Structures are given as structure tokens and as C-alpha cells.
Amino acid sequence: MALWGRMLWSFLSGPGRRGGTQGRAFSSWLPHRPPAGLLNATELVSHWTAVFEKRGIPEARESSEYIVAHVLGAKTFQSLKPVLWTQPLTSWQLQYIQELSSRRLRRMPVQYILGEWDFQGLTLKMAPPVFIPRPETEELVEWVLEEVTQRPGLAGAKGGPLILEVGCGSGAVSLSLLSQLPQSQVIAVDKGEAAICLTRENAQRLQLQDRIRIVPLDVTLEGSWAQLLLWGPMDLIVSNPPYIFHQDMEQLAPEIRSFEDPLALDGGEEGMDIITHILALAPQVLKHSGSIFLEVDPRHPELVSSWLESRPDLSLHLVAVRKDFCGRPRFLHIQRSGPQRDCPVDARPGPQPTSVPY
Ligand SMILES: C[S@@+](CC[C@H](N)C(=O)[O-])C[C@H]1O[C@@H](n2cnc3c(N)ncnc32)[C@H](O)[C@@H]1O
């Protein structure tokens, strides 16, 4: 399976990642009844696992377990009370499972079928075509949290950092940073209208709307970043941008190709289109010694490093690269040195950071 196919499915088998039973993304009942004789949860899981396997659906058992657990009001099959494993299901539960399973047969990702998914302990609403947060992005968030905690300079003058997230999608990164950094504030931007709406909805569901500004913005448009200066220089920029190499797009799993917005994935010929826009514009909004954290493809550390060398005017330095849980170099920490450019809000000189060769 292609790289991104593996990434999508690697986290279905993770323990207890998704949340409660609100947000049933489900509108029509199938007219036919479920197969006769399959009356309890364990039998239903076995039945749909076999159907999914026969039809070549990836993560067959995990998919059927999540669906059955969801209908019975639990996050995971393992967390169901044991009595529910063998208790007969009602006819509406059987029909509901059948409806959701038929969506899986059409290769809809489980996260969209359930209408919600957990990220960093937060239950987020999911809706196609907004990008489904991946487990490795939790590692990006953890790195940012570590750096903010260990380097007081990153925490900003107000006790918590002002963070810009480029490409917020469902709001997973911004909202988890807000929830774990109670003094922080976030400006979350995205080009997609559906992403902006979903981040807004998730912020409200999690009662985090007071510390986040959600701005529709295309970072590739000249002058688009000027409006961000209203809120002052940023302590941090974080982004999981579209970074797939264009020629790799065809190899993506059907779940991704058919349901997720290609604009959330396709980073152009070398996956660098949005990355270079972020880096070129960052000095306008980032405070001196501010940091940029990016999730990228394993080929990008070298490409980004060379690109930054070709743009000394930006005063940005790649200071660290981190590997993901599969051992691939996937996260970049880039730091700004030198005074703020073109930013009237913060022209104060300050100490220069020491660059560490990565
Ligand atoms: C890989 S997704 C990441 C979503 C979310 N941060 C996460 O990790 O789950 C990339 C996001 O960037 C947004 N995006 C793509 N091009 C953009 C642009 N030119 N300006 C702003 N956002 C953009 C997409 O709409 C998408 O929501």
C-alpha cells in the first residue's frame, strides 16, 4: 500500500482514539434487514470482518469493531461492557450497523463514518472532505509543547505563546495546543471553507473559541498575510501543510483519493509549494527568534535545508529534525534570527539564537 495509505490505516488499530456517540453522520436507512441469525455484537463484528476481508477492505476487523462499538455507544469494542458483547441487538441497531458498514464497503474512512475522532485526547467532529488528522501529527504537537515548556522565550510576553497555524483543517493542531497551553492564543488559517467551518465548530464544542481566531486565508496569495499583523508578531508558526509530491498522489489509498480534499494533500512537484510560501512569508509575521514547526515528507529535510541556504535574506535556519514513530525524518524546527522584517509591530532588537546544525 502507498505511503499515505499506510499512514491512514496505521491508526485505526490504535487504542481508544475516538470519542462518544454524538454526531451520527448518517441520514438514510437501508430498506433490507441485516443477515438473519446475527444477533449480538460479537457475531456482528465477525460477520462484517469477513465481509470486509472478502471485499478487500483494509483493517477489516478494526473497521467492524469501531462501527459496532459506535452504535452501542462506546469508543472501542474492547471498552464495551462484556455483557454487551453477547446481548441481542435491537433491530434499529442492526440496521444502523448495516448502514454504516455499507459506507465502509464504499471505502469511506472510518473517521468520516463515525463522524468524529480523537486527537491528543480531544474528540473532534470529522466531516468529508476536511483532512482527517493523522497520528504522527500528534508527535508534532508534542514537540511544540515540549519546546514551549522548556524554552521560556517561546512562551511570549503574555505568559503563553501567540501561535499561527497554517492549514488548520479540522482544528486538531490548534485546539490541542490551546487545550494544553492555557495561556496561549492561536490564529488558525485555512484556504478551505469546509475546514474553516469545521475548526469553528470544533472550537465551540470544546469551549476553546475565546482564544482562537479562525481566518479564511490562502497563504499563496500575495499580501494575504498582512491582515495577520493586526494581532502582533507570532511566537510560533506551526503547520502540517499539503506536502505530498504530486506524482505520488495517484498511489494514495482509495479512502484518501475519494474522500479527502486533494488540496489538503498535494504539495506540487516536490511537495514544497506551500512549505516555501510559509517560509518566504514567515519573517513578516514571526517575532525575532520565533520558531516554525513543520510536518513534512522524509525527503524534505534535505530539500528545505537547501532551499533555506538559497534564501539567506529570510534569516531562517533549520535547527532540528525529528523522526516519527516509524523512524522517518518527518518534523522540522526552523528558527528565525535577525530583526523583524516589514513588521511595524515588533521592531525591537533582541538576542540572537544559536543555530544547532541538525
Ligand atoms: C494536511 S492538511 C492539515 C490539516 C490539519 N492541520 C491536520 O493536521 O489535521 C493541510 C491543510 O492546509 C490547507 N491548505 C492547503 N493549501 C492552503 C493554502 N494555500 N492556504 C491555506 N491553507 C491551505 C488545506 O485546506 C488543509 O486543511
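Thresholds applied
Residues numbered from 1 in each chain as written. Predicted model: local features only at pLDDT ≥ 70, side-chain atom pairs only at ≥ 80, totals over all residues. Heavy atoms only, no water. Helix = DSSP H or I, 4+ residues; strand = E, 2+ residues; numbered from the N terminus. Near = heavy atom within 4 Å. Polar contact = N/O pair within 3.5 Å; in protein donor to acceptor, adjacent residues only side chain to side chain. Areas by Shrake-Rupley, 256 points an atom, 1.4 Å probe, with all protein chains shown as cover. pLDDT = per-residue confidence, 0-100. Contact = heavy atoms within 4.5 Å. UniProt positions renumbered as here; feature names shortened; annotations may be inferred. Core = buried A, V, L, I, M, F, W, Y, C linked by side-chain atoms within 4.5 Å. Buried < 20%, exposed > 50% of the residue type's maximum accessible area, 1.4 Å probe, protein only. Domains from an automatic or database assignment. Expected span 1.5 Å × (residues − 1). Buried area = accessible area lost by both parts, 1.4 Å probe. Salt bridge = Lys/Arg side-chain N within 4 Å of Asp/Glu carboxyl O. Nonpolar A, V, L, I, M, F, W, Y, C, P; charged D, E, K, R; others polar. Phe/Tyr/Trp six-rings, centres within 6.5 Å; stacked < 30°, edge-to-face > 60°. Lys NZ or Arg CZ within 6 Å of the ring centre and 35° of its normal. Pairing = 2+ DSSP bridges. Axes fitted to C-alpha atoms, helices over the stretch in contact; angles between N-to-C directions.

(A) Representation of the environment of Ser-63 within the structure. Mapped onto the elements of the fold, Ser-63 is located in helix H3 (residues 60-71). Remark: the alpha-carbon pair of Ser-63 and Gly-73, spanning 10 residues in sequence, is separated by 15 Å.

(B) Quick peek at the site of the ligand. Around the ligand sit 20 residues in total, of which Glu-165, Gly-167, Asp-190, Asp-218 and Asn-240 are the nearest. Separating a nitrogen atom of the ligand from a side-chain N or O atom of Glu-165 is a distance of 2.8 Å. A distance of 2.6 Å separates an oxygen atom of the ligand from a polar side-chain atom of Asp-190. Protein chains shield 97% of the accessible area of the ligand, which is 600 Å² for the free molecule.

(C) Spotlight on the confidence of the model for the chain. Model confidence for the chain is summarised by a mean pLDDT of 86, while 83% of its residues fall at 70 or above. With pLDDT under 50 throughout, residues 1-33 is counted as low confidence; its partners more than four residues away or in other chains account for 108 contacts. Considering only residues more than four positions removed or in separate chains, one finds that residues 341-358, a stretch of pLDDT under 50, has 40 contacts. Here the complex is predicted with pTM 0.87, and the ipTM for its interfaces comes to 1.00.

(D) Main features of the UniProt feature "domain: Release factor glutamine methyltransferase N-terminal" (unreviewed entry) in the chain. In the numbering used here, UniProt assigns the feature "domain: Release factor glutamine methyltransferase N-terminal" (unreviewed entry) to residues 43-115. A distance of 24 Å separates the end C-alpha atoms of residues 43-115, which is 67% helix and 0% strand.

(E) Molecular detail of the nonpolar core. With 60 residues, the main nonpolar core has Val-68, Ile-97, Leu-175, Leu-177, Ile-212 and Val-238 as its most contacted residues. When residues of this core are assigned to domains, at least three fall in each of domain 1 (41-106) and domain 2 (117-336).

(F) View of helix H8 (residues 172-180). Across the nine residues that make up H8, a large majority, seven, are buried. The set of residues buried in H8 consists of Ala-172, Val-173, Ser-174, Leu-175, Ser-176, Leu-177 and Leu-178.

(G) Just H3, in detail. End to end, H3 covers 17 Å across 12 residues, agreeing with the expected 16 Å (1.5 Å per residue, within 8%). Buried residues dominate H3, accounting for 10 of its 12 residues. Among all positions in H3, only Ala-60, Ser-63, Ser-64, Glu-65, Tyr-66, Ile-67, Val-68, Ala-69, His-70 and Val-71 are buried. Considering only its buried residues, H3 is in contact with helix H2 (41-54), helix H5 (91-105), helix H6 (110-114) and strand E1 (116-119).

(H) Seen up close, the domain arrangement of the chain. For the chain, the assigned domains are domain 1 (41-106) and domain 2 (117-336). Here domain 1 and domain 2 have C-alpha centroids that lie 35 Å from each other. Domain 1 puts five residues into the contact, and the matching count from domain 2 is five residues. At the boundary of domain 1 with domain 2, total buried surface from both sides reaches about 330 Å², with 45% on carbon and sulfur atoms. Connecting domain 1 to domain 2 are two salt bridges. Connecting domain 1 to domain 2 are two residue pairs in polar contact (both at pLDDT 80 or more). For the side of domain 1 that touches domain 2, a count of residues per class yields two nonpolar, no polar and three charged.

(I) Quick look at the packing of aromatic side chains. Scanning all chains against the criterion turns up five aromatic pairs. Consider the rings of Trp-48 and Phe-52, whose centres lie 5.8 Å apart with planes at 40 degrees: the pair is tilted. In this pair, Trp-48 and Phe-52 both sit in helix H2, four residues apart, roughly one turn of the helix. Ring geometry for Trp-143 against Phe-293: centres 5.4 Å apart, planes inclined by 75 degrees, an arrangement best described as edge-to-face. Note that Trp-143 is positioned in helix H7 (residues 135-150) and Phe-293 in strand E7 (residues 286-295), a separation of 150 residues in sequence. Note on accessibility: Trp-143 and Phe-293 belong to one class, buried. Sitting over the face of the ring of Phe-245, Arg-299 holds its NZ or CZ atom 3.7 Å from the ring centroid.

(J) How the structure looks around the sheet that holds strand E9 (residues 329-336). Overall, mixed pairing links the seven strands, which are arranged E5-E4-E3-E6-E7-E9-E8 in an open sheet. Edge positions in the sheet fall to strand E5 (212-216) and strand E8 (316-323), since each has one partner strand and no second. Strand-to-strand, the axes of this sheet are offset by a mean angle of 20 degrees, without reference to chain direction. Relative to strand E4 (residues 185-190), strand E3 (residues 162-166) is paired through five bridges, and the arrangement is parallel.

(K) The arrangement of unusual backbone geometry in detail. In this structure, the amide linkage connecting Pro-128 to the following residue, Pro-129, adopts the cis form with an omega of 5 degrees. Tracing the backbone through its elements, the reader meets Pro-129 in the loop between strand E2 (122-125) and H7. Of note, Glu-59 is a non-glycine position whose phi angle comes to about 50 degrees, a positive value. Among the structural elements, Glu-59 can be located in the loop between H2 and H3. A positive phi angle, close to 70 degrees, is found at Arg-107, a residue other than glycine.

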